[in-house]
Structure formats: C-alpha cells, structure tokens
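What follows is each chain in one-letter form.
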Amino acid sequence: MSTGLRYKSKLATPGEPGDVDKQYVGFATLPNQVHRKSVKKGFDFTLMVAGESGLGKSTLVHSLFLTDLYKERKLLSAEERISQTVEILKHTVDIEEKGVKLKLTIVDTPGFGDAVNNSECWKPVTDYVDQQFEQYFRDESGLNRKNIQDNRVHCCLYFISLSGTGRLRPVDVGFMKALHEKVNIVPLIAKADCLVPGEIRKLKERIREEIDKFGIHVYQFPECDSDEDEDFKQQDRELKESAPFAVIGSNTVVEAKGQRVRGRLYPWGIVEVENQAHCDFVKLRNMLIRTHMHDLKDVTCDVHYEKLPRAVHPADDQVKLTQDSRMESPIPILPLPTPDAETEKLIRMKDEEVGGEQGRMGRCGRAGRTARTWGVGVRTAWGQSEPHRRCLC
Amino acid sequence: MDPLRQSPSPSSSRASSPRTFSCERLGYVGIEAVLDQLKIKAMKMGFEFNIMVVGQSGLGKSTMVNTLFKSKIWKSTMPGLRVPMPQTLQLHSVTHVIEENGVKLKLTVTDTPGFGDQINNDKCWDPILGYINEQYERYLQEEILITRQRHIPDTRVHCCVYFVPPTGHCLRPLDLEFLQRLCRAVNVVPVIARADSLTIEEREAFRHRIQDDLKTHSIEVYPQKSFDEDINDKILNSKIRERIPFAVVGADREHMVNGRCVLGRKTKWGIIEVENMAHCEFPLLRDLLIRSHLQDLKDITHNVHYENYRIIRLKESHALPRGPGWVNLAPTPPGPGKVCRWAEDDSDEDF
C-alpha cells in the first residue's frame, strides 16, 4: 500500500453487532475509490534538473528512475560549448510499476552556467516555466478540459556546484531567486563522493545558512500530523535535517561484498549509491517518488500557480479574465451583459458543444458543467464543492 | 634529478665553434670541483620560488599548496560567514621560508580568490595578467639601473597551477580563455582538481579530452615542446606531457593505513592516500614542481617569458637597437606565439 494512504478507519462505538451496520455509512472506502481511479488514470510528473554541466545530473536521473534517457546524447566539445546558449530539452518516458503508470517528463537545461558571461542565464528557464503555466491556464479556461496535459514543472532539482567552502555562488543565488516563487526548488549537493563526512556536515550547515541569508524559499517538507506513529515522525525529522541532500549517482553496477550494487568503483573502495551511510540518494528518492510526489504537485498547483499574475489578454476574445474576477468566479459567467453579434455566435457555439457532450461522466464533468452555468458552488451528496474546481486528478 | 641543474649557459647551446679543440687530458685537474663550489654558494644564498594557484573556489587550492610543501602555508578553507564572497578577483600573496637538509627555499604563494566565481566572468584574467606583468616590470626596472643590486629580488611568477574542475566532460570556455592568454606569459601547469570524484576510466577519458582541446587551441602548457633542449629532455618531458593534466587530490590530515601514517582523506568507503600512485597523481605533480623541474621552471621564466616581456617593453620605449640581434616577435593572439629562446642570438637562427 502506498504511504499516501494513511487513513485510519474509525467505526462508531458499536452497541450491538446490528447497530454497527446501521451507523456505518460507508464513505470510509473513498480513499480506495480514489486510489483505484488514479491507478487507472495514471500519474504525470514533470521534473526539472538544473545546474552547471558536469555535476552528474543525467547520471542522477538515470539512477532515480532507472531508465536511460540520454542514450543518444553527444557531449559537446570545448569549441562547441563556446557558442552554446542555454537550451531547454524535454524527455518524456512512460514508466509502469505494479500496474501504476507514471508519465515522467524530465526537463533538462544544457548550457546553464557554462559560458564565460552567465548574466541572466536563467532567463530561458523562467520563460519556459511561465510558458507552461500560461499554457495550463489557457487549457483550464478552455472548453475541453477532460484531457488537459499538465506540463507545469512540479519540482526542480538544483545542483549546487562543487564547492568545498559551502558558499553559494552568485549564479546559484540568481537562479534560485528567479525561480523560487514559481517552482519547488530542491537544492542538492552533487558528486558527494569527493567529500568526507565532516565536510558534508559543515557544507550542509553553511548552505542552509546561506539560503536563509539570501531569502531563498526552497521546497519545505510539510509537517507531519501529530497522530502519526513515531517511526514516521522520526523519518520525517531525519529528512528535514539532511536537507540539502548530498547525492551520488551511478549508472553502473559493481560487485561489492558479494552483492551486485549500483555504485562507483574506485581504487580505494566502492561507493554504494543506495547505502544510506554513503550518501542521501535513498532519502532523495523516497522523498521525490515515494512520499512527497503528490505534495510537490499540490504545492505547484495551489501555491505557485495561484501566485502568478493573470494579465488581461486583449487578444483572447473568448475569455476575458482579470485577477479579481478569477477569484470570484473563475469561469466566465454567461451570458455577457451586452452581447453583440460576435459574442452571440460564440454563445451559441458553446451551447451546442455543452449540449453535445452527453457522455461526460465523472464528478468534475458534472460539477463543472453545473458550475459553469451558475458560477457558484454546487451542493452535492458529499458536501459543497468550492467554485474553484479542485479535483484529485 | 640533480637539484642543482645548471641553467644552460649561452656557450653550451651554440654549435661548437670551429676554433676550439678538445685536448687530451694528461691527469686529473679538478674541474668538477666547481660543482661543489656552486652548491655551497647556492646553499648560502638560498633559493626562491614563486608559485601562483588559480581556480574557482572550492577546488582545494589551499589544501594542495599545503600538501605540496608539507606545511601549513595557508590556513585551511571554510572562511567565516561574515566574510563576503569577493566581488572582484583579488590576489593574496604569502611568503614562507622552508628549510630542508640545509637548503633554504623562500617560497611565495599567490592565491586568486574570486576567480571564475562571478556571474559575468569576462576579463577575470586581466588582474592576474596584470600582476604577472607587474612582477616582470619590477625586475626590469631593477635590471636597467646603472648601479644594480647584487642579487635582484625575484618576485616573478615561476609557475601557475591551474585547477580544472572535475566535470568529466571537457574544458569549459572560461578555462580555454584563461589558458590561451596565460600560456604566453607564464608557465602554466593544469591539474584536474578534486580527482577523487572521478573513477580511473573517467579520469583517463577526461584527460584525453583535455589534451585534445589543448592541441586544438594550440595552448602550450608546461613543459613546452618547443623548449626541449636535447633528446634526454625530450624523452623525459614527453612522458610528462602524456600525463598532463595530472589528476590530483590534496589532503593535510594524516591517517593510519596498514601501520603507516599517510596523508589522506578518510571516507566511509576507504581512505584515499595522496601519495599513492594508484590513487592519484599527486606525486607526479610534486616531482614536477619541486624535485625535478623547479630550476627549469625558473630558467624558462627568466629566459623566455621575461625576455619576451622585456622586448615588448623596450620596443615600446624605442630603446632596442635595430641590428643583427633584432628578432621578430610573432603577433600576439590568436595565432600560436612562436617565441625565440635567446634574445641576443646568432643571426643564423631565424623564425
């Protein structure tokens, strides 16, 4: 069972066996229903990796998801790098495990921080993130919302460049400050196998201090509820204390102590990637995939996406929204006060489309349709749904 | 590996003049005793060596210097939080006198914090070039005085160790720009810093890529091919050139390994011994800089780089007479600089 479902079912205190049935309503199975639906639908997750070249980003992605996305990558020579600008590359891969499908998109940023003059080298990245938000907003305000592709960046793994002194370099600070309000940033210490344990500890403290000093808002792990068991709380505490994670990646399997492990072979020893004593890779993987993936998506939807200013789009004559009107009624209220011929035609088109969508099943569809007509929340069997549609898909 | 390798005097490099005859010796004269005399004199005077370390922060430069000279030249890393990151490139020099077996070495180490750390690193090499030229200028001013000092204090940079970050890919644009400019002015020895993050295969691949890059851009690092004097030098230096850049690891802590006390870094998966050739190439760097080529570094600085600077300066001030001794200097960037070894050379040597 995934750790996301920590629901405990509480039955009302039974008087006699018969009473239990009378008092038991049955919505305790809701999480299971959601689970089944989600499994059918599959998940999508967009992860961005950013940092200077040569910090082990591709190797780490390979180790995290155990797929080689960079098989055909050709490393640029020094000459080619001189004229390179920052690009944004997307790789999408579908991973399936025990019936659960994950559509994973990795957004790579080759060329970042490599040039002699790196002023504003994060601009292509911020433009890309804004573009995805823009696209999602457009899709959400559009008509066919059943199959919206969510390409918003849910998490950004930022590799802090090899620095033994723990000071954040100006490029790091610039990048994180440009993106901390738009994306969940998880800073990482890359290539941690060149650091001894004492250095790692000091480095982490320094980086935490520096992040506070510069006022960068990195992704904060949510507090766990007070009724969780001790084990979980302990894990959560350890997680928080080890940020930023010092990770090592490897795409080779070596033989250590008679076992085949993922690691790196050095003349002085073997570094095991999945050994908690060697690096924080396991913590990162658990956080990213096993425990906090959904929270990352939620924070992206609820915090970063909401924060973006919505400018009036004069070119977009179908939907005219301002920040205020969005808060009150996120969906355009029809009919418009003074419909002209153009708008009348649009209204008729919309009516036909809405009427034509007979088979629109699902809670969202119905609530959405009703909400569209009325622009207010809808009272359904399980409570008042808020005007802003929050579905679990 | 004679620590007192003579700087070749002009007479030895000239083709033997037809007027000297080698004569048969009738007995032992004692000419070789001059070597002992030189040795005694040199030990009295002591040696000077000026080294500069350049590289981004966090690459282990200060630790490397401490490891090279087995002394705490610099206090170890981790400056205080209140010390802000240098906004511009600064140069810090520290001078120590180290003594070993009666031989005194006056060592000056120049550090360059702030190199390559800014967002815009354009022209970050200018302060370094400026410093190097300033030292040449100082020496020149002393040299052209009418009453010169007996021993001109030598603050010229004899060797610049450039730390390349262990990305494993290839040289970055910043590295190339810096190396291109500095190889013309000073002896540059590139090293792969923090090599304990690369496996042996990665190291070799990285090294080959760097060598290719250097060749493509005609960057001549020390030991320069064009300054090999004779066949022995060539053989020795070729071996070194194959291994440049050295993959080094620095450490100033000692640990016990198999009953021996070694300098190294202790990690959870093993101890990296700095002086173990199987682990890293620090011994090669140390041998190059100190045990075998220290005098050669000083000679090339004096005879080549300093002379080039002198020619440029004298040309500027129109003080150089045009005559048979006048030689052409190839134009500076972008082409590879062909420099002459001896400024006052015979006219039959032309370029």
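In the annotation of an unreviewed UniProt entry, the entry for chain B reads Septin 12, and the organism field reads Capra hircus. Heading Subcellular location (unreviewed entry) of the UniProt record for chain B holds this comment: "Cytoplasm, Cytoskeleton". The record held by UniProt for chain B lists under Sequence similarities (unreviewed entry) the comment "Belongs to the TRAFAC class TrmE-Era-EngA-EngB-Septin-like GTPase superfamily. Septin GTPase family."

As named in an unreviewed UniProt entry, chain A is Septin 5, taken from Capra hircus. What UniProt states about chain A under its Sequence similarities (unreviewed entry) heading is, verbatim, "Belongs to the TRAFAC class TrmE-Era-EngA-EngB-Septin-like GTPase superfamily. Septin GTPase family."

**Student:** Could you give me a rundown of the overall build of chain B, with the residues and numbers involved?
**Tutor:** Helices and strands together make up the secondary structure of chain B, namely nine helices and nine strands. Across the 351 residues of chain B, 47% fall into the buried class. A sequence separation of at least 24 residues applies to 69% of the contacts in chain B between residues at least 6 apart.

**Student:** Would you mind going over the overall build of chain A in detail, with residue names and values included?
**Tutor:** A tally of regular secondary structure across chain A gives 13 helices and 11 strands. When each of the 393 residues of chain A is scored for burial, the buried share is 44%. Intrachain contacts of chain A at a sequence separation of at least 6 include 67% that bridge at least 24 residues. Carbon and sulfur atoms provide 53% of the accessible area of chain A, an area that totals close to 21,800 Å².

**Student:** Can you lay out the packing of aromatic side chains for me, pointing to particular residues and giving the numbers?
**Tutor:** Tallying each qualifying case throughout the model produces 12 aromatic pairs over all chains. Aromatic pair Y219 of chain A and F221 of chain A: ring centres 5.7 Å apart, planes at 90 degrees, arrangement edge-to-face. Assessed through its relative accessible area of 8%, Y219 of chain A is described here as buried. Taking the centre distance of 5.1 Å and the plane angle of 85 degrees together, the rings of Y139 of chain B and Y306 of chain B count as edge-to-face. Of this pair, Y139 of chain B sits in helix α4 (residues 126-143) while Y306 of chain B sits in helix α9 (residues 294-316), placing them 167 residues apart in sequence. Each of the two residues, Y139 of chain B as well as Y306 of chain B, counts as buried. Within the aromatic cluster, the residues linked to one another by ring pairs are Y136, Y139, Y306 and Y309 of chain B. A cation over an aromatic ring shows up here: R156 of chain B above the ring of Y139 of chain B, its NZ or CZ 3.7 Å from the ring centre. A cation over an aromatic ring shows up here: R156 of chain B above the ring of Y306 of chain B, its NZ or CZ 4.8 Å from the ring centre.

**Student:** Pulling in residues and values, what's your account of unusual backbone geometry?
**Tutor:** Residue and element names in this part refer to chain B. Here the residue pair Y222 and P223 is connected by a cis peptide bond, since its omega of -5 degrees sits within 30 degrees of zero. Inspection of the secondary structure puts P223 in the loop between α6 (200-216) and α7 (231-243). A cis amide bond links I244 with the next residue in sequence, P245, at an omega value of -5 degrees. Mapped onto the secondary structure, P245 falls in the loop between α7 and β6 (246-247). Positive phi outside glycine occurs at K123, with the angle close to 60 degrees. As for its position among the elements, K123 is in the loop between β3 (103-111) and α4.

**Student:** I'd love a proper account of the interface of chain A and chain B, names of residues and values included.
**Tutor:** On the chain B side, the residues contacting the 49 residues of chain A number 49 residues. Summing the contributions of chain A and of chain B, the shared interface buries around 4,400 Å²; its carbon and sulfur component is 60%. Among the residues of chain A in contact with chain B, V116, R167 and W268 of chain A are the three that bury the most area, contributing 19% of the side total. Here chain A is connected to chain B by three salt bridges. In this structure, R264 of chain A engages E202 of chain B in a salt bridge whose closest nitrogen and oxygen atoms are separated by 2.7 Å. Taken together, the links from chain A to chain B amount to 11 residue pairs in polar contact (both at pLDDT 80 or more). Elements represented by at least two residues in the side of chain A that touches chain B include exactly α4 (78-82), α6 (170-179), α7 (197-214), β8 (259-266) and β9 (269-272) of chain A. Taken together, the residues that form the side of chain A that touches chain B break down as 24 nonpolar, 11 polar and 14 charged.

**Student:** Can you explain the sheet that holds strand β9 (residues 270-273) of chain B? Please cite residues and give values.
**Tutor:** Residues and elements named next belong to chain B. In spatial order, the strands read β7-β8-β9; together these three strands make up an open sheet with antiparallel pairing. Of all strands in the sheet, those bounded by a partner on one side alone are β7 (254-257) and β9. Across the sheet, the mean angle separating the axes of adjacent strands is 65 degrees when strand polarity is ignored. Sheet topology note: the β7/strand β8 (residues 260-267) ladder contains four bridges and is antiparallel.

**Student:** Before we move on, could you go through a nonpolar patch on the surface and cite the residues and values that matter?
**Tutor:** All names here are of chain B. Together, V29, I31, V34, L35 and L38 make up a nonpolar patch on the protein surface, roughly 460 Å² of accessible area in all. Structurally, L38 is set in helix α2 (residues 33-45). Accessibility expressed as a relative area gives 37% for L38, which makes it partly exposed.

**Student:** Please set out the side chain of E48 of chain B residue by residue, giving values where relevant.
**Tutor:** Examined against the element boundaries, E48 of chain B turns out to sit in strand β1 (residues 47-54). Contacts of E48 of chain B, omitting those with residues within four sequence positions, involve L105, K106, H151, P153, D154, H158 and K298 of chain B.

**Student:** Any chance you could break down the pairing of β9 of chain B for me, citing the residues and the numbers?
**Tutor:** All names here are of chain B. Here β9 shows two buried faces, one formed by G270 and I272 and the other by I271 and E273. Two elements, β8 and β9, share four bridges in a ladder whose sense is antiparallel. Looking at the pairing, K266 lines up with I271 of β9. Following β8, the chain reverses through two residues before pairing antiparallel with β9.

**Student:** Account for the pairing of strand β3 (residues 100-108) of chain A, with residues named and values stated.
**Tutor:** Where a strand is regular, its side chains alternate between the two sheet faces. Residues and elements named next belong to chain A. One ladder, built from seven bridges, connects strand β1 (residues 43-50) with β3; its direction is parallel. Across the sheet, residue D44 finds its bridge partner in β3, namely K103. Taking the residues between adjacent antiparallel strands as the criterion, strand β2 (residues 89-97) and β3 are bridged by two residues, where K98 takes a positive phi near 50 degrees.

**Student:** I'd like to hear about the sheet that holds strand β5 (residues 185-189) of chain A, residue by residue, with values.
**Tutor:** Residues and elements named next belong to chain A. Taken together, the six strands give an open sheet; going across it, the order is β2-β3-β1-β4-β5-β6, and neighbouring strands pair in mixed fashion. Each edge of the sheet is formed by a strand with only one pairing partner; in this case those strands are β2 and β6 (245-246). With nine bridges connecting them, β2 and β3 associate as antiparallel partners. Across the sheet, residue V93 finds its bridge partner in β3, namely L104.

**Student:** So, the environment of L143 of chain A: which residues are in play, and what are the values?
**Tutor:** Residues and elements named next belong to chain A. For L143, the location among the structural elements is in the loop between α5 (123-140) and β4 (155-160). Relative accessible area serves as the criterion here: at 32%, L143 is assigned to the partly exposed category. Along the chain, L143 and I200 lie 57 residues apart, while their C-alpha atoms are 52 Å from each other.

**Student:** Tell me about the nonpolar core, and name the residues and values.
**Tutor:** Within the largest apolar cluster, 155 residues are counted, with the highest numbers of intra-cluster contacts made by L157 and F175 of chain A. Considering each element in turn, this core owes the most residues, seven residues, to α4 of chain B. When sequence neighbours within four positions are dropped, the list of residues in contact with L157 of chain A reads L47, M48, V49, A50, L64, V186, L188, L284 and L288 of chain A.

**Student:** Lay out helix α8 (residues 230-241) of chain A in plain terms, naming residues and giving numbers.
**Tutor:** With 12 residues, α8 of chain A extends 16 Å between its outermost C-alpha atoms, agreeing within 8% with the 16 Å of an ideal straight helix rising 1.5 Å per residue. Where α8 of chain A is buried, its residues meet β6 and α9 (281-291) of chain A.

About the criteria used
Residues numbered from 1 in each chain as written. Chains lettered and ligands numbered in written order. Predicted model: local features only at pLDDT ≥ 70, side-chain atom pairs only at ≥ 80, totals over all residues. Heavy atoms only, no water. UniProt positions renumbered as here; feature names shortened; annotations may be inferred. Helix = DSSP H or I, 4+ residues; strand = E, 2+ residues; numbered from the N terminus. Buried < 20%, exposed > 50% of the residue type's maximum accessible area, 1.4 Å probe, protein only. Contact = heavy atoms within 4.5 Å. Areas by Shrake-Rupley, 256 points an atom, 1.4 Å probe, with all protein chains shown as cover. Phe/Tyr/Trp six-rings, centres within 6.5 Å; stacked < 30°, edge-to-face > 60°. Lys NZ or Arg CZ within 6 Å of the ring centre and 35° of its normal. Buried area = accessible area lost by both parts, 1.4 Å probe. Salt bridge = Lys/Arg side-chain N within 4 Å of Asp/Glu carboxyl O. Polar contact = N/O pair within 3.5 Å; in protein donor to acceptor, adjacent residues only side chain to side chain. Nonpolar A, V, L, I, M, F, W, Y, C, P; charged D, E, K, R; others polar. Pairing = 2+ DSSP bridges. Axes fitted to C-alpha atoms, helices over the stretch in contact; angles between N-to-C directions. Patch = residues over 30% accessible without salt bridge, like charges linked within 9 Å, V, L, I, M, F, W, Y side chains within 5 Å. Core = buried A, V, L, I, M, F, W, Y, C linked by side-chain atoms within 4.5 Å. Expected span 1.5 Å × (residues − 1).

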